[in-house]
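Listed below, chain by chain, are the residues.
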Amino acid sequence: MKKLLLSITLIGLIATSVFSQESPDKNFLFVGNSYTYFWNLPQCIEAMGESRKLNWEMRQSTAGGVNWGQHIRGEKKLQTVDKIEKGDFDVIVLQNHSLSSFRRPDSMFHFGQMLVDQANKKGAKVYLYLTWAREWDSSMQQGITEQYKKLSKKFNVGLVPVGLAWERARQLKPGFPLYDEDGSHPSPLGTYLTACVFYGVFSGESPVGLPKRLSTKDRNGEKLYLNIQSAENALFCQKVAAEIISKLEN
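(A) Focus on the packing of helix H8 (residues 140–155) against helix H9 (residues 162–172). The interhelical angle for the contact between H8 and H9, taken along N-to-C directions, is 150°, at an axis separation of 10 Å. Between H8 and H9, the interaxial angle falls into the category roughly antiparallel. In terms of crossing hand, the pair formed by H8 and H9 is left-handed. For the pair H8 and H9, the contacting residues are Gln141, Thr145 and Lys149 in the first and Gly163, Leu164 and Glu167 in the second. Grouping the constituent residues of the contact of H8 with H9 by class yields 1 nonpolar, 3 polar and 2 charged.

(B) Seen up close, the packing of aromatic side chains. Within this structure, the stated rule accounts for 16 aromatic pairs. Relative to phenylalanine 198, the ring of tyrosine 129 lies with its centre 5.0 Å away and its plane at 85°, an arrangement referred to as edge-to-face. Linking tyrosine 129 in strand S4 (residues 125–129) with phenylalanine 198 in helix H10 (residues 188–203), this pair joins segments that are 69 residues apart in sequence. Across the pair, exposure class does not vary: tyrosine 129 and phenylalanine 198 are buried alike. Put simply, the rings of Phe28, Phe30, Tyr35, Trp56, Tyr127, Tyr129, Trp132, Trp166, Tyr179, Phe198, Tyr199 and Phe202 touch in pairs and so form one group of aromatic residues. Geometry around tyrosine 127 places lysine 125 over its ring, the cationic atom sitting 5.1 Å from the centre. For the cation-ring pair, lysine 154 lies above phenylalanine 109, with the distance from its terminal atom to the ring centre recorded as 5.1 Å.

(C) Representation of the pattern of salt bridges. Enumeration over the complete set of coordinates arrives at 7 salt bridges. We note a salt bridge from arginine 52 to glutamate 205, for which the minimum N-O separation is 3.5 Å. Here arginine 52, found in the loop between helix H3 (41–51) and strand S2 (56–62), pairs with glutamate 205, found in the loop between H10 and strand S6 (213–217); they are 153 residues apart in sequence, far enough to count as distant. The exposure class assigned to arginine 52 is partly exposed, which follows from its relative accessible area of 26%. Two residues, glutamate 243 and arginine 168, come together in a salt bridge whose shortest N-O distance is 2.9 Å. A residue pair is termed long-range when its members are at least 10 positions apart, and glutamate 243 in helix H11 (residues 231–249) and arginine 168 in helix H9 qualify at 75 residues. When salt bridges with common partners are traced through the structure, they connect Arg168, Glu243 and Lys247 into a single cluster.

(D) The pairing of strand S1 (residues 26–32), seen in detail. Most of S1 sits out of view: 6 of its 7 residues are buried. Inspection of the sheet shows S1 paired to S2 by 7 bridges, in the parallel sense. Paired with lysine 26 across the bridge in S2 is tryptophan 56. Pairing of S1 with strand S3 (residues 91–94), which is carried by 4 bridges, proceeds in the parallel orientation. Paired with valine 31 across the strands is leucine 94, a residue of S3.

Rules and cut-offs
- Residues numbered from 1 in each chain as written.
- Predicted model: local features only at pLDDT ≥ 70, side-chain atom pairs only at ≥ 80, totals over all residues.
- Heavy atoms only, no water.
- Axes fitted to C-alpha atoms, helices over the stretch in contact; angles between N-to-C directions.
- Helix = DSSP H or I, 4+ residues; strand = E, 2+ residues; numbered from the N terminus.
- Parallel < 35°, antiparallel > 145°, perpendicular 65-115°, else oblique.
- Left-handed = near helix turned anticlockwise from the far one by under 90°.
- Contact = heavy atoms within 4.5 Å.
- Nonpolar A, V, L, I, M, F, W, Y, C, P; charged D, E, K, R; others polar.
- Phe/Tyr/Trp six-rings, centres within 6.5 Å; stacked < 30°, edge-to-face > 60°.
- Buried < 20%, exposed > 50% of the residue type's maximum accessible area, 1.4 Å probe, protein only.
- Lys NZ or Arg CZ within 6 Å of the ring centre and 35° of its normal.
- Salt bridge = Lys/Arg side-chain N within 4 Å of Asp/Glu carboxyl O.
- Pairing = 2+ DSSP bridges.

Have a look at this one:
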């Protein structure tokens, strides 16, 4: 009987230990569209965190081309509001349609406020994902930046200055291949730079020194590469991200 009780106790302790090791330090939800899911952005950020011993778990509610209003209304089979209400997220990231900043600023404010209110009810910290200009019209960036900064201040939420990092990278290296062939979506390199900015904001640490290869494991436990960059390009992205984050903080 004593041996049986001892065995049960040991099993319980092992199970508790395993559970505690697997439980994430922070749970994140990304609400957005293809600018979020292209080239595995949330998973790349998670892998960056893992490289620094940060146990982050990323989830997303995304669909191609959608805006915040469509998230609220549940279009394209989105269940964003339900996920926020039923989830236990520490951090919620909001990314609107890339052109809404200057085409529909009132709508952006209205539905953005609704999503922020939902997140606040759950006690989650909210960040706005400040996106980039189209490749063929860099002048878009000013309007995008102004709108996201305005909303960040009004909603009293955090800001992830991805678009500013893209702008800076293009200033330093004209033609730096951040874009997909369509001139709108990110290339793998663009996603890597974006992930560096998110990592720096989320962790409060410099992204300089992060790995140039980001990986996870597939369902069989085999290594699965999410993003691979040259050492030169990876370091450049890390330094640009660190510079932009420091300016935002000051």
